[in-house]
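Residues per chain are reported as follows:
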Amino acid sequence: MGSRSSPDIVNLDGQRSVRSFHLARCGNLAALVLGIAVAGCATVPGAGAPVDDPFEPVNRVVLDTNTALDNAFIKPIAEAYRQTIPQSARDRIRSAIDNLAEPRIFVNDLLQRRPNGAGITFTRFLINTTVGLGGLFDPATEHGLPKQSGDFGQTLYSWGVDDGPYLVLLFFGPSNFRDALGLGVDLFTTPPALVVTGHAGFVTGLAVGTIDGIDLRSRNIESLDEIIASALDYYSNLKSLTQQRRQAQLREVRGLPPEPQELTDPGSSADEPPK
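Being a predicted model, the structure only gives us computed values, none of them experimental.

1. Quick look at the nonpolar core
Among the nonpolar cores identified, the biggest contains 12 residues, and these are V58, V62, L63, Y166, V168, L170, L224, I227, Y234, Y235, L238 and L241. The set of elements that each furnish at least two residues to this core consists of α2 (56-84), β1 (166-169), α10 (221-230) and α11 (234-253). With 4 residues, the top contributor of residues to this core is α11. Grouped together as the second largest cluster of nonpolar side chains are 7 residues, L169, F172, A180 and L187 included.

Structure follows, in structure tokens:
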């Protein structure tokens, strides 16, 4: 599961998405495989099933499971984390974890034929790793070098791979078939996975991913509470928000500026103002 302060879920600011809600970077590849397998075991959809969401019944069950896990464990831990760790320390943790992803972003930007993004990412990693003390600080952003997007799902998109059916993955949250495959590659190509191997690498990756997810969840407590409380159909609203944000990231792959979007509850009436 994420914005440095308030609702990055509602605003398409290119930072994090609603996936932070479900420990999107928890490092547990088994959860990813299980999520895909569960969707793959769904019954053949009926004639009225949405074209992009043929596994909606199973997706809703997985979302309910994720929500129950969040209410029971993840959210309380995130609240305790926010209450016990000072904001300044949490910002250093966030910056260091984000810096670990820069090599993976750099490679994907190259694979997507985005030399400008790759150059910015390379420079960011160099500056933040040295001047920023191993990524604990982010002087690159202060010098006009914003964090770039770059994951293998985007790369597959740039190669012409279609979205595939909408999926809600256990622990990882909203996705689709292409991005689920991309997530699996990202988990294996984001440090510390490339640096520490074997059992030690698995444990290290799981620890870093869990801290990442808890930190991201702590930054979205109020935002998600608001979305859950205001949505007429949480499943549809979450799907709409994540798909709109993903489309904004995919526009970057094509070199297009992000479109201003009004994120609305798909279940609201046409006369209601945007949320």
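2. Focus on the pairing of strand β2 (residues 173-176)
In terms of strand pairing, β1 meets β2 through 4 bridges, oriented antiparallel. Residue L167 lies in a different strand from β2, and its bridge partner there is S175.

3. Some thoughts on the packing of aromatic side chains
A full pass over the atoms with the stated rule returns 3 aromatic pairs. Ring geometry for F106 and F122: centres 5.8 Å apart, planes at 45°, overall tilted. Residue F106 is located in helix α4 (residues 102-111), and its partner F122 is located in helix α5 (residues 115-130); the two are separated by 16 residues in the primary sequence. Its relative accessible area of 26% is what places F106 among the partly exposed residues.

4. Observations concerning a nonpolar patch on the surface
On the surface, V107, L111, W159 and V161 cluster together into a nonpolar patch covering about 330 Å² of accessible area. Residue class for V107 comes out partly exposed when judged on its relative accessible area of 42%.

5. Here's the deal with the pattern of salt bridges
Inspection of the entire model under this criterion finds 21 salt bridges. Of the charged contacts in the structure, one is a salt bridge between K239 and D53, with a shortest N-O distance of 3.5 Å. Of this pair, K239 sits in helix α11 while D53 is found in the loop between α1 (29-40) and α2, placing the two residues 186 residues apart along the sequence. The two residues K239 and D53 agree in class, both being buried. For D215, the salt bridge identified is with R219, shortest N-O distance 2.8 Å. Judged by relative accessible area, R219 falls into the buried class, the value being 4%.

6. Regarding the confidence of the model for the chain
Here the chain shows a mean pLDDT of 81. Residues at 70 or above account for 75%. Between residues 1-18, whose pLDDT stays under 50, and residues either more than four places distant or in other chains, the model counts 59 contacts. Taken together, the stretch residues 260-275 has pLDDT below 50 and engages in 27 contacts with residues farther than four places along the chain or on a different chain.

7. Some thoughts on the side chain of N99
Mapped onto the elements, N99 comes out in helix α3 (residues 87-100). Contacts of N99, omitting those with residues within four sequence positions, involve F125, N128, T129, G134 and G135.

Cut-offs applied
Residues numbered from 1 in each chain as written. Predicted model: local features only at pLDDT ≥ 70, side-chain atom pairs only at ≥ 80, totals over all residues. Heavy atoms only, no water. Core = buried A, V, L, I, M, F, W, Y, C linked by side-chain atoms within 4.5 Å. Buried < 20%, exposed > 50% of the residue type's maximum accessible area, 1.4 Å probe, protein only. Helix = DSSP H or I, 4+ residues; strand = E, 2+ residues; numbered from the N terminus. Pairing = 2+ DSSP bridges. Phe/Tyr/Trp six-rings, centres within 6.5 Å; stacked < 30°, edge-to-face > 60°. Patch = residues over 30% accessible without salt bridge, like charges linked within 9 Å, V, L, I, M, F, W, Y side chains within 5 Å. Areas by Shrake-Rupley, 256 points an atom, 1.4 Å probe, with all protein chains shown as cover. Salt bridge = Lys/Arg side-chain N within 4 Å of Asp/Glu carboxyl O. pLDDT = per-residue confidence, 0-100. Contact = heavy atoms within 4.5 Å.

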